[in-house]
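Descriptive analysis of the structure
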Amino acid sequence: MPIWLLNTLEVSINGLMTGVLYSLVALGFVLIFKSSGVFNYAQGVMALFAAQSLVGIQTGQVPFAHLINAITGLHVSRFGFDVPSILAIILTTLVMVVFAWVVVRVIMVRLVNQEPIILFMATIGLAYFMEGFGDLMWGAELKSLDVGLPSGGSFWIEDVTAQWAREGETYWGMYVDTLDIWATVIAVFLVAGLTIFAQYTKAGTAMRAVADDHQAALSVGISLNRIWIMVWSIAGFVALVAGIMWGAKSGVQFSLSLIALKALPVLMLGGFTSIPGAIVGGLIIGMGEKLFEFAIGAPFLGGATENWFAYVLALLFLVFRPQGLFGDKIIERV
Amino acid sequence: MLDTAQTDETLLEVNNIEVIYNHVILVLKGVSLKVPRGGITALLGGNGAGKSTTLKAISGLLASERGEVTKGSILYRGATTQDRSPNDLVRGGVIQVMEGRHCFEHLTVEENLMTGAYTRSAAEAKQGLEMVYNYFPRLRERRKSQAGYTSGGEQQMCAIGRALMSKPETVLLDEPSMGLAPQLVEEIFGIVKSLNEQEGVSFLLAEQNTNVALRYAHYGYILESGRVVMDGVASELRENPDVKEFYLGVGDEGRKSFRDVRSYRRRKRWLS
Ligand SMILES: Nc1ncnc2c1ncn2[C@@H]1O[C@H](COP(=O)(O)OP(=O)(O)OP(=O)(O)O)[C@@H](O)[C@H]1O
Ligand SMILES: [Mg+2]
């Protein structure tokens, strides 16, 4: 293979893997939007909060240490033990379930009959509240996150691909991060698990029923609150997974919550109500922005096109196909 | 209709209720009715009379439409239904089949039916499914189809079947005849009748199609602008000259409002 083709392939693969992350964040949006008609502005902050909680629990941080110290004059910061990653992930999931419960009980239930825009505003408020709450609980400093996933370039892939170049050309092989590979595998399992849950369980069927028709779901005795708590919990778990992936790469700090900004064009592309749309949309945008930067952006436009490419692509898409790739008619709340 | 199934025991009692939407729109202005165990009770009236609103007030669905019962009471088996959620009422045996079917269109027919058993155990759901397929053989044929792609008649059957999956004691059935060919209407009412007689399900049936409804019901209430203007045994209502004129379309004078008819004295019961 010629070198330029190998390079393009490498960029595409890395793009796809970034796309997996976008897909996950978009998936969280779609789940909540489909089942409750709420555009959850706080999805990105949920990922940040989940990652902060995970690191905090893992490293045995005392929650609200600053607050406790300020009030009592003590100097607590850590319990002095580490919690194994798996246990920490389980505990963080529980934290996200509690969070889901509080959101539904305190916000959703009270605003249930309001206009969608009011619910949207409520999630903006929620996002800023959570951001502050997360900092208060775990501290705002940059933290590194390590749940034991391997990282660094895969030597195996490098060795294998190095031989794909034509005779006489120097090529060192492709760089593919093992962390990305793991993230992709995990994401595939997560999506498969969610699909099986939605398709074949009683709660999953009820969840799809609620997404289809709120009123009818109520009429057959499905409790909307329970389904919403479930959906927000699942979205919280998806946010945790996204937070782990991003946090393992770039550390846990405020900028993590900005991955939500990457999910927005994915939703415009894939449709707000389509799970396959979120996944395919994420992959297209992940790959598209890397390829564009590689082929056009860096050589001709002075680079840094990744910041806006996704939005331009999504905008073009909106003009020609407003419902997105796979989106069905946007479901309005009752 | 034979009055074999109907008993004297009152299951559901609506006492002079007033319903307001959005805190301002007064829609029901004192509706009272009774549904006996084992009966088919018809609630008749034209567009906007308040039939659906009455059913939603009973099933607890009003709250999600910003409606509120502001006066009067609704008793099921003697206990008030105020503040009971639809979920709780379905568990207690009262379920509504909404106007316009409202099937879950992206779910298959069988998945639709299964959602009806949300409040029941897996074993009960399985039994229920057999029962529903026996009454609606057509649903068995279409069980794997997406409900959104089935015909109007099949969707109505699906909606009724879905409600039956909750093992109801009382079904609040809202306009099952809507948009269906006369033959299909007869078929569906026939099934309602056999469900009533064989499974002992009581029905409160909201209908604009007075003719069909009074042939299948035991008792009827006529609603106009949020008030019950007349009630009686179905066979008597069918013979009543005013009903004939205004709702069965067999009178010979021009149409006027029911309330203008002098021969008719409005009855207001349970008025406080
Ligand atoms: N959610 C709502 N908000 C405000 N007004 C409503 C609402 N639902 C119904 N109404 C009004 O209440 C009145 C009664 O409506 P309802 O649906 O109960 O009538 P209906 O007898 O079922 O009529 P139809 O035969 O057309 O179904 C109508 O004037 C309607 O406009
Ligand atoms: Mg109606």
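The structure displayed is predicted, hence computed values, not measured ones.

Thoughts on the packing of helix H8 (residues 202-212) of chain A against helix H10 (residues 224-250) of chain A
Residue and element names in this part refer to chain A. Running from N to C, H8 and H10 point in directions that differ by 100 degrees, and their axes come no closer than 10 Å. When the interaxial angle is binned, H8 and H10 end up roughly perpendicular. Here Ala203, Ala206, Met207 and Val210 of H8 come into contact with H10, specifically with Leu224, Ile227, Trp228, Met230, Val231 and Ile234. Class assignment for the residues of the contact of H8 with H10 results in 10 nonpolar, no polar and no charged.

Considerations on the nonpolar core
Core analysis: the largest hydrophobic core is formed by 90 residues, its most contacted members being Leu24, Ile222, Ile227 and Trp232 of chain A. Counting residues per element, this core draws most heavily on H10 of chain A, at 16 residues. If you look at the next biggest cluster of nonpolar residues, it comprises 51 residues, including Ala117, Ala125, Val192 and Tyr247 of chain B.

A short note on the site of ligand 1
Residues and elements named next belong to chain B. For ligand 1, the set of nearby residues contains 15 residues, the closest of which are Asn47, Lys51, Ser52, Thr53 and Gln208. Ala49 places a main-chain nitrogen or oxygen 3.2 Å from an oxygen atom of ligand 1. Between an oxygen atom of ligand 1 and a side-chain N or O atom of Glu175, the distance comes to 3.3 Å. In isolation ligand 1 has 630 Å² of accessible area, and contact with the protein removes 69% of it. Among the elements of the structure, strand S2 (25-36) and helix H1 (51-59) are those that each provide at least two residues to the shell around ligand 1. For the shell around ligand 1, the element with the highest residue contribution is H1, accounting for three residues. Its residues assigned to classes, the shell around ligand 1 comprises four nonpolar, seven polar and four charged.

Re the sheet that holds S2 of chain B
All names here are of chain B. On the basis of which strands lie adjacent, the open sheet formed by four strands has the order S2-S1-S4-S5 and antiparallel pairing. Sheet topology places S2 and strand S5 (79-80) at the edges, where each strand pairs with a single neighbour. Two strands pair when backbone bridges link them, and strand S1 (residues 10-21) and strand S4 (residues 67-76) are joined in this way by eight bridges, in the antiparallel orientation. In the strand pairing of S4, Val14 is matched with Ile74. H1 rests against S1, S2 and S4 of the sheet, and its axis sits at about 115 degrees to S1.

Some details on the coordination of the magnesium ion (ligand 2)
Ideal geometry at a metal centre: 109.5 degrees between donors when four sit tetrahedrally, and 90 or 180 degrees when six sit octahedrally. Taken together, Ser52 of chain B (OG) and Glu99 of chain B (OE) make up the protein donors of the magnesium ion (ligand 2), found 1.9 to 2.0 Å from the metal. With Ser52 of chain B in helix H1 and Glu99 of chain B in the loop between strand S6 (94-97) and helix H3 (109-116), this residue pair connects regions lying 47 residues apart in the sequence.

Thoughts on the packing of aromatic side chains
Two aromatic rings are characterised by how far apart their centres lie and by the angle between their planes. Under the criterion given, the structure shown has 14 aromatic pairs over all chains. Measuring from ring centre to ring centre gives 6.2 Å for Phe49 of chain A and Phe133 of chain A, while their planes differ by 40 degrees; the resulting arrangement is tilted. A residue pair is termed long-range when its members are at least 10 positions apart, and Phe49 of chain A in helix H2 (residues 43-58) and Phe133 of chain A in helix H5 (residues 116-138) qualify at 84 residues. Ring geometry for Phe79 of chain A and Phe81 of chain A: centres 5.7 Å apart, planes at 15 degrees, overall stacked. Geometry around Tyr118 of chain B places Lys202 of chain A over its ring, the cationic atom sitting 5.8 Å from the centre. Sitting above the plane of the Phe104 of chain B ring, Arg162 of chain B keeps its charged end 4.7 Å from the centroid.

Topic: the interface of chain A and chain B
A common measure of how large an interface is: the accessible area buried when the components associate. Taken together, the 22 residues of chain A in the interface contact 25 residues of chain B. Between chain A and chain B, roughly 2,100 Å² of surface is buried when both sides are summed, and carbon and sulfur atoms account for 54% of that area. Together, Asp212, Gln215 and Val220 of chain A form the three largest contributors to the area buried by chain A at its contact with chain B, with a combined 27%. Here chain A is connected to chain B by two salt bridges. In this structure, Arg66 of chain B engages Glu115 of chain A in a salt bridge whose closest nitrogen and oxygen atoms are separated by 3.9 Å. For the interface between chain A and chain B, the tally reads nine residue pairs in polar contact (both at pLDDT 80 or more). It is H8 of chain A that provides the largest number of residues to the side of chain A that touches chain B, a total of six residues.

Here we look at the UniProt feature "transmembrane region" (unreviewed entry) in chain A
Annotation from UniProt places "transmembrane region" (unreviewed entry) at residues 12-33, 45-65, 85-104, 116-134, 181-198, 227-246, 266-288 and 300-320 of chain A. Secondary structure content for residues 12-33 of chain A is 100% helix and 0% strand, and the end C-alpha separation is 30 Å.

A short note on unusual backbone geometry
Despite not being glycine, Ala304 of chain A shows a phi value in the positive range, around 55 degrees. Mapped onto the secondary structure, Ala304 of chain A falls in the loop between helix H12 (275-300) and helix H13 (306-320). By relative accessible area, Ala304 of chain A is classed as exposed at 52%. Positive phi is not limited to glycine here, since Lys167 of chain B has a value of about 55 degrees. For Lys167 of chain B, the position within the fold is in the loop between helix H6 (152-164) and strand S7 (170-174).

Observations regarding the sheet that holds strand S3 (residues 40-44) of chain B
Residues and elements named next belong to chain B. Read from one edge to the other, the open sheet built from six strands follows the order S6-S7-S8-S3-S9-S10, with strand pairing classed as mixed. Of all the strands in the sheet, the pair left with one neighbour each is S6 and strand S10 (227-233). Looking at each pair of strands side by side, their axes are set apart by 15 degrees on average, direction ignored. Helix-sheet contacts for H6 involve S6 and S7, and the interaxial angle to S6 is about 170 degrees. Contacting S3, S7 and strand S8 (202-207), helix H7 (residues 182-198) crosses the sheet at an angle of about 155 degrees to S8.

Observations concerning the pairing of S3 of chain B
Consecutive residues of a regular strand have side chains that alternate between opposite faces of the sheet. Residue and element names in this part refer to chain B. Among the five residues of S3, five are classified as buried, and the element is accordingly described as predominantly covered. Burial of S3 is two-sided: the residues Ile40, Ala42 and Leu44 facing one way and the residues Thr41 and Leu43 facing the other way are all buried. When S3 meets strand S9 (residues 219-224), the two strands line up parallel, connected through four bridges. When the sheet's bridge partners are listed, Thr41 is paired in S9 with Tyr219.

Calculation notes
- Residues numbered from 1 in each chain as written.
- Chains lettered and ligands numbered in written order.
- Predicted model: local features only at pLDDT ≥ 70, side-chain atom pairs only at ≥ 80, totals over all residues.
- Heavy atoms only, no water.
- Axes fitted to C-alpha atoms, helices over the stretch in contact; angles between N-to-C directions.
- Helix = DSSP H or I, 4+ residues; strand = E, 2+ residues; numbered from the N terminus.
- Parallel < 35°, antiparallel > 145°, perpendicular 65-115°, else oblique.
- Contact = heavy atoms within 4.5 Å.
- Nonpolar A, V, L, I, M, F, W, Y, C, P; charged D, E, K, R; others polar.
- Core = buried A, V, L, I, M, F, W, Y, C linked by side-chain atoms within 4.5 Å.
- Buried < 20%, exposed > 50% of the residue type's maximum accessible area, 1.4 Å probe, protein only.
- Near = heavy atom within 4 Å.
- Polar contact = N/O pair within 3.5 Å; in protein donor to acceptor, adjacent residues only side chain to side chain.
- Areas by Shrake-Rupley, 256 points an atom, 1.4 Å probe, with all protein chains shown as cover.
- Pairing = 2+ DSSP bridges.
- Donors = N, O, S within 2.8 Å, 3.2 Å for Na, K, Ca; no water.
- Phe/Tyr/Trp six-rings, centres within 6.5 Å; stacked < 30°, edge-to-face > 60°.
- Lys NZ or Arg CZ within 6 Å of the ring centre and 35° of its normal.
- Buried area = accessible area lost by both parts, 1.4 Å probe.
- Salt bridge = Lys/Arg side-chain N within 4 Å of Asp/Glu carboxyl O.
- UniProt positions renumbered as here; feature names shortened; annotations may be inferred.

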